[in-house]
Each structure stands twice: as structure tokens, then as C-alpha cells.
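Next come the chains, spelled out residue by residue.
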Amino acid sequence: MNSFISRIADFFRETDKILLSLCIFASAYGCIAVYSATRYLGTMRPFLVQGISLVLGVFIAVFISAFDFQTFINRWYFLAALGVIPVILTFFIGFAPEGTDDKAWLNLGITTFQPAELLKICFIITFSAHLSAVAPNINKLKYLIPVCIHGAFPVLLIHFQGDDGTALVFAIMVLCMLYAAGVSWKYFVVAISAAIISSPLIYLFVMNEDQRTRIISVFNIESDIQGATYQQYRGRIALANGGLFGQGLFDGVLTQSGSVPEGQNDFILVSIGEELGMIGILVVLIVLAAIALRALRVAAICRKTSGKLICVGFFGMIFAQILINVGMCVVLMPVIGVTLPFFSAGGTSLLCMFMGAGLVLNVYKHRNTRTLYIRG
């Protein structure tokens, strides 16, 4: 018993208490928001799932942080299979919950599971392993091309699964990690230029009619308020209804009636905005920014390349989801189904966020390993 207590004490002495506290606060705030946004449904299930996932997530983060992150790096092949195989299964036995457009979930009977969330965590490790192995030669094409193929694989896999929002998150994660690994800015200029030049072709020949309509609708939200822009139009009204201080917790007029679709998922920020106003939204954004910046701080003090890249990968995931989700809610981007980290309803998403946080806690604990190579 004394040994167990001693280990607990050692954990809290050695762990990044700031990051862990921020993650717990964010997810607890999210639980309250999910409960408020789903009260009109007459069921406690979304709140209970979120609460249970919070508790399990903390334990998982602590468990992951107990190992040396190099253990995960050395077993990248196992994690690659763990991440990819469930995603591939969705092509054959995928399940589309009500309110979604693609079969990106697996039905486990008592609950559903979104494999793409687990793939994010596994990819952070496998890509970190690959980049750290070739870091000194990263700008030589014989090494850079395989790295780019590795980075493109999850983006294309999730795209063909039908979840372009998550594919975009992967793309941003890849760019962040490539930059941190030391890839020359010249390659980024070439890649960005190619993306800009090819964007009209992608718009005309790759995107389907629904995707094109969503993009066009952003520039004129009132063009189809009973169809493509309904969700964002109602969300904008809810945000305006919240003003600076909000209608009060559990008193959202639109979110409490279900007038804002997915007010507990993709549009949880809108629900918070209506009930707690701009002040409530600022708290959300400050906490999430603090989590992302803390991950970068751990990357800066870690002396080993693979550890730095793990932290940057987690930062890229958080940053991408914040950018896209907030963009959807304030009508700067089309609705593409990306959740707000730690806040949106979804057990898989929250658990995997804590897995990522656990990896950063792990790096923090083992940050004094000798350095290899990293930009900056």
C-alpha cells in the first residue's frame, strides 16, 4: 500500500501538472456544456458517456505517461496496425450515426467507435518515429519522398472513407510535424503553390455537388437556410442571442430546443456562446490555446527529436481542430464535421484526446534524454 501511494506521489511530482489540469478543466467544462445542450432530448446518455470518458481518459493519460515514450516509438509497427486496421474495417462494416453523412464509425453494440480518432494518436507516434529516424537527411529527396508518402497515407485513407474534415486535420498535423523535423521552407513554398494552382481542378472534378454547395454557401449564408446553410444560420442566430454574457447556463433558447443541429457535437461552441456569451467562448478558446501552447512548451524543453515531434503532432491535432471547428461556427468555413477538442460530445474523441495528452505528459517526464536533431 505504501509503495502504491509512493508511486502516485512520484507521478504528481514528475508530471506536467499544468497540462493535466488544463485538460481536466476543459473536459469538465465540456461535460457541463454537453449536458445543457442535450437536456431537451430527455436522456442523460450523452452526459454520462462524456463523464465516464473523462474519468477513463484521465486514467489512460496517467497510464500512458508511465512508460518511456521511446517504448512506443520502438513499437511503431504495432501501433500502425492498431490505427489502420479499424479504419479499413469501416469500408466494409462501417456505421453512420444519425446526423452524419459517412460510415466512419464501427457499431460495437453498446456503443459506437470512430477509428479515425485512434488513427490520429497512432499516426503521431509512427510519423514521429519515421521523421526522427531520417531527421539529419530530411531534405534529401530519397528520404523526403517516403516521408511524404507516409504523411499522405492517412489523409487519403480518411478522404476515401468520406470524412474530409478529419482528412484536413491529418494534413495540418503532417505539415506541422514536417516543419518541426526541419524540412526546408522551399519545399513548403512548392507544395503551397501546387495546392493553389490545383485548387480549381479539385473544386471542379474532385469535390461532389454537396461539397461545392457548402463552400459557396459560406459567402452567402442566407442562400439556402432550409438546406446547406441551415445549421450555420441557426448557429449565428444563437450566438447573437447570447451576446456578451449569454442567456444563462441551461437557459439557451435555441440550443435548449434543438433548433441548432448538433449543438452538443460540432456546434458545442455555439451552445456555449448562447448560454454563457462571448465571455464563455473566450474561456474555451483560452483554455484550448493554453493546452496547445503547453504542448509546444514541452516540445521546446525535450532533448530528443522523437519526443519533440510527438508534442508537435499533438499540437497540430489540437490546432487544426480548433481552427476548423471555430471557422465552421462563425461561418468562415463550410461545415465539414470536425469536433472541438475536449468539449464536443463523443466518447471516442475525448478518450483519444487524453491519449494524446498522455503522450505529451510522457515526453515531459522523460524530457532530459540526450538530443538528436530538431529545427530551432
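Everything that follows concerns the structure shown earlier in this document.
Everything in this summary refers to the structure shown in the same document. (Residues numbered from 1 in each chain as written. Predicted model: local features only at pLDDT ≥ 70, side-chain atom pairs only at ≥ 80, totals over all residues. Heavy atoms only, no water.)

## Comments concerning the pattern of salt bridges
Argument step 1. Within this structure, the stated rule accounts for five salt bridges.
Argument step 2. The salt bridge partner of glutamate 14 is lysine 365, with a shortest N-O separation of 3.9 Å. Separated by 351 residues along the polypeptide, glutamate 14 in helix H1 (residues 2-14) and lysine 365 in helix H14 (residues 347-365) bring together distant segments of the chain.
Argument step 3. Residue classification places glutamate 14 among the partly exposed residues on the basis of a relative accessible area of 35%.
Argument step 4. Overall, lysine 365 belongs to the partly exposed group, its relative accessible area being 30%.
Argument step 5. The salt bridge involving lysine 120 is made with glutamate 117; its shortest N-O contact spans 3.2 Å. (Salt bridge = Lys/Arg side-chain N within 4 Å of Asp/Glu carboxyl O. Helix = DSSP H or I, 4+ residues; strand = E, 2+ residues; numbered from the N terminus. Buried < 20%, exposed > 50% of the residue type's maximum accessible area, 1.4 Å probe, protein only.)

## Things to note about the packing of helix H13 (residues 305-329) against H14
Argument step 1. Where H13 meets H14, the closest approach of the two axes is 9 Å, and the angle between their N-to-C directions is 150°. Between H13 and H14 the crossing geometry is left-handed. Along the contact surface, H13 presents Gly307, Ile310, Cys311, Phe314, Met317, Ile318 and Gln321, while H14 presents Met353, Gly356, Ala357, Leu359, Val360 and Val363.
Argument step 2. Among the residues making up the contact of H13 with H14, the classes are represented as ten nonpolar, three polar and no charged. (Axes fitted to C-alpha atoms, helices over the stretch in contact; angles between N-to-C directions. Left-handed = near helix turned anticlockwise from the far one by under 90°. Contact = heavy atoms within 4.5 Å. Nonpolar A, V, L, I, M, F, W, Y, C, P; charged D, E, K, R; others polar.)

## So, empty space enclosed by the protein
Argument step 1. Under the counting rule described, the total for this entry stands at one cavity of 30 Å³ or more.
Argument step 2. Roughly 60 Å³ of volume is contained in the largest cavity.
Argument step 3. Taken together, Tyr29, Ile32, Ala33, Ser36, Ala37, Leu249, Ser271, Ile272, Glu275 and Leu276 form the lining of the largest cavity.
Argument step 4. In terms of residue class, the lining of the largest cavity is built from seven nonpolar, two polar and one charged. (1 Å grid on protein atoms, 1.4 Å probe; cavity = no way out; pocket = protein on both sides within 12 Å on 5 of 7 lines; lining within 4 Å. Points joined across faces, edges and corners; volume = space filled by probe spheres on them.)

## Details of the environment of threonine 112
Argument step 1. The topology assignment puts threonine 112 in strand S2 (residues 112-113).
Argument step 2. Sequence-wise, threonine 112 and isoleucine 85 are 27 residues apart; in three dimensions their C-alpha atoms are separated by 16 Å.
Argument step 3. Those residues in contact with threonine 112, other than ones at most four positions away along the chain, are Phe95, Trp105, Leu106, Asn107 and Thr348.

## Side note on a nonpolar patch on the surface
Argument step 1. A cluster of nonpolar residues, Phe25, Leu244, Phe245, Met278, Ile279, Leu282, Val283 and Ile286, forms a patch on the protein surface that exposes about 760 Å² of accessible area.
Argument step 2. Here the element with the most residues in the nonpolar patch is helix H12 (residues 268-301); it accounts for five residues.
Argument step 3. Position of phenylalanine 25 relative to the elements: it lies in helix H2 (residues 17-38).
Argument step 4. With relative accessibility at 43%, the residue phenylalanine 25 sits in the partly exposed group. (Patch = residues over 30% accessible without salt bridge, like charges linked within 9 Å, V, L, I, M, F, W, Y side chains within 5 Å. Areas by Shrake-Rupley, 256 points an atom, 1.4 Å probe, with all protein chains shown as cover.)

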